[in-house]
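A structural walkthrough
The primary structure of each chain is shown beneath.
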Amino acid sequence: MKSYKGRGIVLHTLKYGDSSMIVYLLTDVGGRRSYMVQGVRSRNGHGSKLGLFQPAFPVEFEGLESPTRQMDKFKEVRSGFVLQNLPFDVRKSTMALFMAEVLYRLVRECEPDEELFTFVWSSIAALDSLEEGIADFHLWFLAKLSRLLGFFPGNDYIADSWFDIREGHYTPLRPVHPHIMPPDDARLLDLLLSSDIRCLGHLSLNRTQRVSFLNAMLDYLSYHLDGVGEVQSVRILREVF
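Residues numbered from 1 in each chain as written. Predicted model: local features only at pLDDT ≥ 70, side-chain atom pairs only at ≥ 80, totals over all residues. Heavy atoms only, no water.

**Some thoughts on the overall build of the protein**
As a reminder, the rule being used: Working definition: helices are DSSP H or I runs of at least four residues, strands are E runs of at least two. Numbering for both runs from the N terminus. Radius of gyration means the value over C-alpha atoms here, while the globule rule gives 2.2 Å times the residue count to the 0.38 power. Categorising residues by exposure relies on relative accessible area from a 1.4 Å probe, with only protein chains included: less than 20% of the type maximum marks a residue as buried, more than 50% marks it as exposed, and the intermediate range marks it as partly exposed. Here, two residues are considered to be in contact whenever any of their heavy atoms come within 4.5 Å of each other. Using a 1.4 Å probe, the Shrake-Rupley method yields the accessible areas, and only the shown protein chains count as cover for residues. Only four residue types enter the charge count, namely Lys and Arg as positive and Asp and Glu as negative; His and the chain termini do not. We put the charge of a Lys on NZ, of an Arg on CZ, of an Asp on CG and of a Glu on CD.
When helices and strands are counted, the protein shows six helices and eight strands. Ordered by position from the N terminus, the helices and strands of the protein form the series β-β-β-β-β-α-α-α-β-β-β-α-α-α. Taken over C-alpha atoms, the radius of gyration comes to 19 Å for the protein, in line with the 18 Å a tight globule of 241 residues would show. Within the protein, the fraction of its 241 residues that count as buried is 49%. For the protein, contacts bridging at least 24 residues in sequence account for 61% of all contacts bridging at least 6. Surface exposure of the protein reaches about 12,400 Å², of which carbon and sulfur atoms provide 47%. Put simply, the protein has 27 plus and 30 minus side-chain charges, and the middle of one group is 7 Å from the middle of the other.

Next up, the structure:
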């Protein structure tokens, strides 16, 4: 079998049989790909692999291409970089779970997307080291992700405007249909799209504002893409933040 090297972000896992699992990754070499990992749940010394495949964990690997075009396998897999805080901080691990699930449901392409992969890889590293603005990180991530997926405002922000989700632009008048972001959410969308991660420590959003924008962004993405409305980790995220 042909081998290749790559990096990946764990999106989802499925138990397969008594000791194996299917791992879904966002990779730099082939977009979203699935891998069969055998013996990961066995008691003969391979159980340590299980710790590598947690939601949003970064990995480096050497893959073996399946000649039948089914799931590939790992010849070798290890941590992509050492996570110092994310696995031990319930706020960050909850956010990582949400990010991984959103990506699992939204990204279907099996072609390399260097810009998307680099953004996700660097976002995991940023979340791990983030000290201020943790509660709003997922909002920034969703805003930036929407742009990379091709959904972003088609015009410049207008003060006190609404955002028309269906048409994809800001408008001073409230649209007659229900697919909208109210002015406060529209303003925050513009701010997050134009800001880097350093702005998060200065947002000072309360829980009501945070939930409102999260709901608005999920509505925005679900209007254009299938699967977002099924994100199960949203409930846990809302409880924590």
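Following the structure, the description resumes.
**Observations regarding a negative patch on the surface**
Quick note on the threshold: Within this analysis, patches are made of residues with over 30% relative accessible area and no salt bridge. Like charges are joined at 9 Å or less; nonpolar side chains (Val, Leu, Ile, Met, Phe, Trp, Tyr) at 5 Å or less. A carboxyl oxygen of Asp or Glu within 4 Å of a side-chain nitrogen of Lys or Arg is what we treat as a salt bridge.
Taken together, the side chains of Glu 109, Asp 113, Glu 114 and Glu 115 make up a negatively charged region of the molecular surface. When you line up the elements, Glu 115 lands in helix α2 (residues 114-129). For Glu 115, a relative accessible area of 57% translates into the label exposed.

**What to know about the sheet that holds strand β3 (residues 31-37)**
For clarity, the threshold we go by: For two strands to be treated as a pair, DSSP must find no fewer than two bridges joining them. Comment: axis = line fitted to C-alpha atoms, over the contacting stretch for helices; angle = value between 0 and 180 degrees taken between N-to-C directions.
Reading around the circumference, β1-β2-β3-β5-β4 is the order of the five strands in this closed barrel, with mixed pairing throughout. Across the sheet, the mean angle from the axis of one strand to that of its neighbour is 55°, orientation sign disregarded. As defined by bridge partners, β3 adjoins strand β5 (residues 72-79) across two bridges and the pair is classed as parallel. Within β5, the position partnered with Tyr 35 by the bridge is Asp 72. The sheet strands contacting α2 are β1 (3-16), β2 (20-27) and β4 (58-64), and the helix crosses β1 at an angle near 70°.

Everything listed here is a matter of coordinates, which is why it stays silent on function.
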